[in-house]
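# Summary of structural features
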Amino acid sequence: MDKFKRASKQHTVYRQKDGKRVPGITGITKYLTNTQVLIQWANKLGLEGVKSSEYVDQLANIGTCLHYLIECDLQAMEPSLGDFTGNQIAQAKQMFTKFEEWKKGRELVTIAMEKPLVSEAYPFGGTGDWYGIEDGKLTYIDFKTSKGCYFEHKVQAVACSKLWEENTGELPSVVKILRVGRSMDEGVEEIVVPEEYRNDMWQIFTSLCRVHDLKEKLDPSYNKNQYKSWRKK
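Values in this document were obtained by computation on a predicted structure and should not be read as measured data.

## Looking at the nonpolar core
Nonpolar side chains tend to gather and get buried jointly when the protein is soluble and globular. Core analysis: the biggest nonpolar cluster contains 24 residues, and Ile25, Phe124, Tyr131 and Phe205 have the highest contact counts within it. If you list the elements that add at least two residues to this core, you get α2 (25-29), β3 (108-118), β5 (137-144), α6 (151-168), β6 (174-180) and α7 (195-218). Excluding residues that lie within four positions of it along the chain, isoleucine 25 makes contacts with Phe124, Gly125, Gly126, Gln156, Ala159, Cys160, Leu163 and Phe205. Leu69, Phe96, Phe143 and Leu178 belong to the second-largest nonpolar core, a separate cluster that totals 21 residues.

## Some words on unusual backbone geometry
Of note, the phi angle at alanine 76 is positive, near 55°, even though the residue is not glycine. Structurally, alanine 76 can be placed in the loop between α4 (52-74) and α5 (86-103). According to the relative accessible area criterion, alanine 76 is exposed, its value standing at 74%. Unlike most non-glycine residues, glutamate 114 shows phi in positive territory, near 55°. As for its position among the elements, glutamate 114 is in strand β3. Relative accessible area serves as the criterion here: at 14%, glutamate 114 is assigned to the buried category.

## A closer look at the sheet that holds β5
Spatially, β3-β4-β5-β6-β7 is the arrangement adopted by the 5 strands of the open sheet, whose pairing is mixed. Looking at strand neighbours, the two that pair on one side only are β3 and β7 (188-192), the edges of this open sheet. Across the sheet, the axes of successive neighbouring strands diverge by a mean angle of 30°, strand direction being ignored. Note that strand β4 (residues 125-134) and β5 share 5 bridges and pair antiparallel. By the bridge assignment, tryptophan 130 is partnered in β5 with isoleucine 141. In the packing of α5 onto the sheet, the strands contacted are β3, β4, β5, β6 and β7, and the crossing angle to β7 comes to about 50°.

## Observations concerning α6
Compared with an ideal rise of 1.5 Å per residue, which puts 18 residues at 26 Å, α6 spans 26 Å between its outermost C-alpha atoms and is within 8% of the ideal. Buried within α6 are the following residues: Glu152, His153, Val155, Gln156, Ala157, Val158, Ala159, Cys160, Ser161, Leu163 and Trp164. Buried residues along α6 sit against α2, β3, β4, β5, β6 and α7. Immediately beyond the C-terminal end of α6, within one or two residues, lies glycine 169, with a positive phi of roughly 85°.

## Focus: the packing of aromatic side chains
Throughout the structure, instances matching the rule amount to 9 aromatic pairs. Each ring, one from phenylalanine 99 and one from phenylalanine 143, has its centre 6.2 Å from the other, and the planes form 80°; the classification is edge-to-face. Pair noted here: phenylalanine 99 is in helix α5 and phenylalanine 143 is in strand β5, with a separation of 44 residues, a long-range link. Site record: aromatic cluster; members linked through ring pairs are Phe96, Phe99, Trp102 and Phe143.

## Some words on the confidence of the model for the chain
The predicted model of the chain has a mean per-residue pLDDT of 82, with 78% of residues at 70 or higher. A low-confidence stretch, residues 1-8 (pLDDT under 50), is modelled with 16 contacts involving residues beyond four sequence positions or located in other chains. For the stretch residues 50-57, pLDDT sits under 50, and the model shows 8 contacts to residues farther than four places along the chain or on other chains.

## Some remarks on α7
Owing to its 3.6 residues per turn, the α-helix aligns residues three or four sequence positions apart on the same side. The end-to-end C-alpha separation of α7 is 36 Å, in line with the 34 Å expected for 24 residues at 1.5 Å each. The complete set of buried residues in α7 reads Arg198, Met201, Trp202, Phe205, Thr206, Leu208, Cys209 and His212. Structurally, α7 contributes buried residues whose contacts are with α2, α6 and β6.

## Describing the pairing of β4
Among the 10 residues in β4, 9 count as buried, and that is most of the element. Note: β3 against β4, 9 bridges, orientation antiparallel. Each residue of the ladder has a partner; that of lysine 115, found in β4, is glycine 128. In this structure, the hairpin formed by β3 and β4 is closed by a connection of 6 residues. Hairpin connection of β4 to β5: 2 residues between the antiparallel strands, including aspartate 135 at a positive phi of 50°.

Parameters at a glance
Residues numbered from 1 in each chain as written. Predicted model: local features only at pLDDT ≥ 70, side-chain atom pairs only at ≥ 80, totals over all residues. Heavy atoms only, no water. Core = buried A, V, L, I, M, F, W, Y, C linked by side-chain atoms within 4.5 Å. Buried < 20%, exposed > 50% of the residue type's maximum accessible area, 1.4 Å probe, protein only. Helix = DSSP H or I, 4+ residues; strand = E, 2+ residues; numbered from the N terminus. Contact = heavy atoms within 4.5 Å. Pairing = 2+ DSSP bridges. Axes fitted to C-alpha atoms, helices over the stretch in contact; angles between N-to-C directions. Expected span 1.5 Å × (residues − 1). Phe/Tyr/Trp six-rings, centres within 6.5 Å; stacked < 30°, edge-to-face > 60°. pLDDT = per-residue confidence, 0-100.

Structure, rendered in structure tokens:
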């Protein structure tokens, strides 16, 4: 298992049937991110003498390891943890026990995990975490190891469920985010996206698809070939 598998998901190249390259879901929902909060957080770490990049990398590796343990568990696979440090493995395994507690008493049947899919109706692709049957219902679960669950995470989960519907003809009846913290204080948080809000979230996502398309068309930093054509004029 390459420990950067999870991180590389956001760099997966998605192409529609005609060969057109389209962005991933996180590339679309980045327009919802509150960058001011991120700047304040990085500044706070800097004042404490902590390099934000190193701090993020360490947490990301713990989160990747934890996500991998969950993935292996749900697919009845034996994990190969050689690419992680002892400290990363220890912290991830500690939190994995919280996931096991959450799983008790639930009937989970995996249909697909980490499966790249592409939409032909809209310009985007995505790799969903878990599609399966939970307690008799077709369910999509997005596993998060972030500090919190944010609005863009819910929009991403809805987009993954719609991507599954387009490719299989079946819309998950349950869409949820399972946030497994990276410390024992955080535990496990289960956030079900209410069915009555999903259509509005989908409308937000498809609107952002249009924004992304227009920005790529008009912003030279997004489209270098377009920029070259402008320079020639």
